[in-house]
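Chain residues, written in single-letter form:
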Amino acid sequence: QKEVEQNSGPLSVPEGAIASLNCTYSDRVSQSFFWYRQYSGKSPELIMSIYSNGDKEDGRFTAQLNKASQYVSLLIRDSQPSDSATYLCAAPYEGSSNTGKLIFGQGTTLQVKP
Amino acid sequence: DTEVTQTPKHLVMGMTNKKSLKCEQHMGHRAMYWYKQKAKKPPELMFVYSYEKLSINESVPSRFSPECPNSSLLNLHLHALQPEDSALYLCASSQEGQPQHFGDGTRLSIL
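Attention in this report is confined to the structure presented alongside it. (Residues numbered from 1 in each chain as written. Chains lettered and ligands numbered in written order. Predicted model: local features only at pLDDT ≥ 70, side-chain atom pairs only at ≥ 80, totals over all residues. Heavy atoms only, no water.)

Here we come to the state of the cysteines. Taken as a whole and judged by the stated rule, the model has 2 disulfides over all chains. Here C23 of chain A connects covalently by a disulfide to C89 of chain A, the sulfurs 2.2 Å from one another. Between C23 of chain A and C89 of chain A, the S-S torsion sits near -75°, and that sign places the bridge as left-handed. Here C23 of chain A, found in strand β3 (residues 19–25), pairs with C89 of chain A, found in strand β9 (residues 85–92); they are 66 residues apart in sequence, far enough to count as distant. The disulfide bridge from C23 of chain B ends at C91 of chain B, spanning 1.9 Å between sulfur atoms. (Disulfide = S-S within 2.5 Å. Helix = DSSP H or I, 4+ residues; strand = E, 2+ residues; numbered from the N terminus.)

The next subject is the sheet that holds strand β1 (residues 4–6) of chain A. Adjacent strands of a sheet pair through backbone hydrogen bonds, lying either parallel or antiparallel. All names here are of chain A. Reading across from one edge, β1-β3-β8-β7-β6 is the order of the 5 strands in this open sheet, with antiparallel pairing throughout. Unpaired on one side and paired on the other, β1 and β6 (54–58) mark the two borders of the sheet. The sheet shows a mean angle of 20° between the axes of neighbouring strands, taken without regard to direction. The sheet contact formed by β3 and strand β8 (residues 71–76) spans 6 bridges and is antiparallel. For N22, the partnering residue across the bridge sits in β8 and is S73. (Pairing = 2+ DSSP bridges. Axes fitted to C-alpha atoms, helices over the stretch in contact; angles between N-to-C directions.)

So, to be careful, I would describe these as geometric facts and stop short of saying anything about function.
Written as structure tokens, this is what we have:
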């Protein structure tokens, strides 16, 4: 199993729908998770971080962490065409020798169709 | 606009050239990072500096040479690069245990 896994997509949803992006992880990563959004040709932008079990909401975005099942998800409500991007799930490696080292999933491409 | 500033935004160089990429942050972060990103792939870690000291080198070829002159600056010196080194080079910074913040990147093309 890869340390952090995402379905590369593309995930296509109609405008106004809920987009659900998922990520699974192994025991080799720490229990902090970050979601980055990356538009084509641009750099990754941090949109959500989650450190504990449960849900965390920020505007139209909700991050969910389920440690028992080892998955983390990002829900985007009322999806807009401007949400079309690649979403990267990332987590720090476990262990002090890997301090600062993030492992990224492959990224899921989201397409929101008007 | 980002709080991590990278220059130049674009760079075209020949295989025999020497050039440098620069990164600056004024958020007081004590960890700084260089990543390489190819199209449709996630960022790939190259180097980590923690408190101005190199803490991680991900077996990067010696034609890439990082330097951290102070806690706000990070350079990446380039020499004798190959065409396959063409990519987006990203700088990031963070506090320990906190998420990394990326600069806009330098789009590098090797002729």
